[in-house]
Amino acid sequence: MPQGPDIAPGRLTDAELALNFSDAHPPLTHAQAVVEADRCFYCYDAPCIEACPTGIDIPRFIRAIATDNMAGSARVILESNILGGSCARVCPTEILCEQKCVHNTREEGQPIRIGMLQRHATDWQMEHGGQPFTRAPSTGKRVAIVGAGPAGLACAHRLAMHGHDVMIFDRHALAGGLNEYGVAAYKLADDFAQREVDFLLAIGGISFAGSEVLGRDMTVAGLRREYDAVFLAVGLAGVHSLGIEGEDLDGVMDAVDFIEGLRSTSKQTVPVGRRVVVIGGGNTAVDAAVQARRLGADEVTLVYRRGAENMSATPVEREWAQTNGVTVRLWASPVRLVARDGALAGIEFARGAKGADGRATYDAQDTFIQEADMVLKAVGQTFLPDPLNGESIAIAGGRIVVDENGETTMPGVYAGGDCTPGEDLTVAAVRDGRNAAEAIHAAFTAAVAK
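Caption draft 1: Spatial organisation of the pattern of salt bridges. Counted by the stated rule, this structure contains 23 salt bridges. Two residues, Asp 23 and Arg 119, come together in a salt bridge whose shortest N-O distance is 2.5 Å. Residue Asp 23 is found in the loop between α1 (14-20) and α2 (30-38), and its partner Arg 119 is found in helix α7 (residues 114-129); the two are separated by 96 residues along the sequence. Given the relative accessible area of 7%, Arg 119 is considered buried. Across the pair Arg 274 and Asp 298 runs a salt bridge whose closest N-O atoms are separated by 3.6 Å. In this pair, Arg 274 sits in the loop between β8 (272-273) and β9 (275-279) while Asp 298 sits in the loop between α13 (283-295) and β10 (299-303), placing the two residues 24 residues apart along the sequence. Overall, the relative accessible area of 37% leaves Arg 274 in the partly exposed class. In this structure, a network of salt bridges that share partners links the residues Asp 23, Arg 89, Arg 119 and Asp 123.

So this is what it looks like as structure tokens:
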């Protein structure tokens, strides 16, 4: 990570950093959770269930909280989504289940706080009840999983429940994927990602090998020969570049690397600029901008090339950025990075507007320079197909092609999560992993029955 006179670590005290990176949304007390649960109408054919990618029976788990059946509530959640604790913290519930809550149609218009109730139940289970599921007798089948993020972990847990042995490989030293390395620290505070991994692995039958890279340390074909099935949950390991002059200047870095560095070491050692510009309009951009501010940057500006309605970051995330002192500038496209005496000094933007056809247009003659000593690029991540070169796995539209069961064009090899088409959401990745595990188990069962 770059350092210099205007990019330095330790801008705040330990106490200030501890406060800034503490839990952004403190949990409900049990009394508060019961009061909130009592507001639920426990709808039949509840629209909130349809809006949940993992199909959690939301009215059922909320009713269990209302009747003080915490173990029952947690089990309802976890049998559909074993990573329900992290999903309750990081998923945009405001545009998923909570958006469909029937309370939105009432005069008060306040949906049930489903995410907070889900967190309450899953936290209770992890703190009081331990692993709620038991492992079936061993089948002797072995499955390799590449990627220890939400999709891979969900797949591993479900396979272990069915009695299969699982080996997870990951390029990082720790399991957790984006939950461990790619999400703002204040969203998954107090080492929650690793505590959830430990909780999940407690079922048994799952082994983990870190610092193992697909294409370097193993191949899909090799894994397929050694294991009875393979599940690929490799995510989006690449990042888009800006493709403009000056991108190689010190002080310019990818936002995902900035976030990973912050999650992987002491926050007191993470360098941050005094004037930081973040380019992008998604949740990664918001996470990077807010964390830069909370590390002690004097000014943080998030610049997006189109209007607020086009940002992939939710309205809640955008508001969070602004309440944390981040300035948001819209309709500006980066032209070049500006150097002064060989060092990053700012970034030039062309002003834009929405054209008559609805598309963004920019005036190359109407530009402005935003001063910066640090620029974080958050213009999108991409799937890297190189580790699959030479494998009989089809790729289309920049993602791995899978059928309705999550199986790739290579028999016995499945894939899910961000590396396959669909929503790039933690909860969607969990669904993909769970469903692939069921498909793998069904294939094993069918083979035995023949």
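Caption draft 2: Layout of the packing of α13 against helix α14 (residues 315-323). At a minimum axis separation of 9 Å, α13 and α14 run at an interaxial angle of 20 degrees. By the angle between their directions, the pair α13 and α14 is classed as roughly parallel. Here α13 and α14 pass one another in a crossing that is left-handed. Residues Asn 283, Val 286, Asp 287, Val 290 and Arg 294 of α13 pack against Glu 317, Trp 320 and Ala 321 of α14. Residue classes in the contact of α13 with α14 are distributed as 4 nonpolar, 1 polar and 3 charged.

Caption draft 3: Inspection of unusual backbone geometry at higher detail. Residues other than glycine seldom take positive phi values, yet Ser 211 does so here, at roughly 55 degrees. One can find Ser 211 in the loop between β4 (206-209) and α11 (220-226). Within the chain, Asp 341 stands out as a residue other than glycine whose phi angle is a positive 55 degrees. Residue placement: Asp 341 occurs in the loop between β12 (332-340) and β13 (343-354).

Caption draft 4: Up close: the side chain of Glu 317. Of note, Glu 317 is situated in helix α14. Judged by relative accessible area, Glu 317 falls into the buried class, the value being 13%. Setting aside residues up to four positions removed in sequence, Glu 317 forms contacts with Lys 187, Asn 283, Val 286 and Asp 287.

Caption draft 5: Representation of the packing of aromatic side chains within the structure. Taken as a whole and judged by the stated rule, the model has 2 aromatic pairs. With a centroid separation of 5.6 Å and 55 degrees between ring planes, the pair formed by Tyr 186 and Trp 320 is classed as tilted. A residue pair is termed long-range when its members are at least 10 positions apart, and Tyr 186 in the loop between α9 (178-181) and α10 (192-201) and Trp 320 in helix α14 qualify at 134 residues. Here Arg 89 stacks its cationic end above the ring of Phe 192, 3.7 Å away from the centre of that ring. The ring centre of Phe 21 lies 5.4 Å from the NZ or CZ of Lys 267, which sits over that ring.

Caption draft 6: Expanded view of the environment of Arg 63. If you trace the backbone, Arg 63 turns up in helix α4 (residues 58-66). You can call Arg 63 partly exposed: its relative accessible area is 44%. Residues Arg 63 and Val 300 lie 237 residues apart in sequence; the distance between their C-alpha atoms is 43 Å.

Caption draft 7: Looking closely at the sheet that holds β13. Strand order in the open sheet formed by 3 strands is β12-β13-β14, with antiparallel pairing between adjacent strands. Each edge of the sheet is formed by a strand with only one pairing partner; in this case those strands are β12 and β14 (360-371). The sheet shows a mean angle of 25 degrees between the axes of neighbouring strands, direction not considered.

Caption draft 8: Broad picture of the packing of helix α12 (residues 255-264) against α13. Between α12 and α13, the shortest axis-to-axis distance is 9 Å and the interhelical angle comes to 50 degrees. In terms of orientation, α12 and α13 fall into the oblique class. Regarding α12 and α13, the two cross each other, and that crossing is left-handed. Counting all contacts with α12, which are made through Ala 255, Val 256, Phe 258, Ile 259 and Leu 262, the residues of α13 involved are Thr 284, Asp 287, Ala 288, Gln 291, Ala 292 and Leu 295. For the contact of α12 with α13, the residue count by class is 8 nonpolar, 2 polar and 1 charged.

Caption draft 9: Broad picture of the sheet that holds strand β5 (residues 229-232). Spatially, the 5 strands line up as an open sheet ordered β4-β3-β2-β5-β19, and their pairing is parallel. In the strand order of this sheet, the two ends are held by β4 and β19 (413-415), each with one partner. Across the sheet, the axes of successive neighbouring strands diverge by a mean angle of 20 degrees, strand direction being ignored. As defined by bridge partners, strand β3 (residues 165-169) adjoins β4 across 4 bridges and the pair is classed as parallel. Directly across from Met 167, in β4, lies its bridge partner Ser 207.

Reading the values: rules and limits
- Residues numbered from 1 in each chain as written.
- Predicted model: local features only at pLDDT ≥ 70, side-chain atom pairs only at ≥ 80, totals over all residues.
- Heavy atoms only, no water.
- Salt bridge = Lys/Arg side-chain N within 4 Å of Asp/Glu carboxyl O.
- Helix = DSSP H or I, 4+ residues; strand = E, 2+ residues; numbered from the N terminus.
- Buried < 20%, exposed > 50% of the residue type's maximum accessible area, 1.4 Å probe, protein only.
- Axes fitted to C-alpha atoms, helices over the stretch in contact; angles between N-to-C directions.
- Parallel < 35°, antiparallel > 145°, perpendicular 65-115°, else oblique.
- Left-handed = near helix turned anticlockwise from the far one by under 90°.
- Contact = heavy atoms within 4.5 Å.
- Nonpolar A, V, L, I, M, F, W, Y, C, P; charged D, E, K, R; others polar.
- Phe/Tyr/Trp six-rings, centres within 6.5 Å; stacked < 30°, edge-to-face > 60°.
- Lys NZ or Arg CZ within 6 Å of the ring centre and 35° of its normal.
- Pairing = 2+ DSSP bridges.

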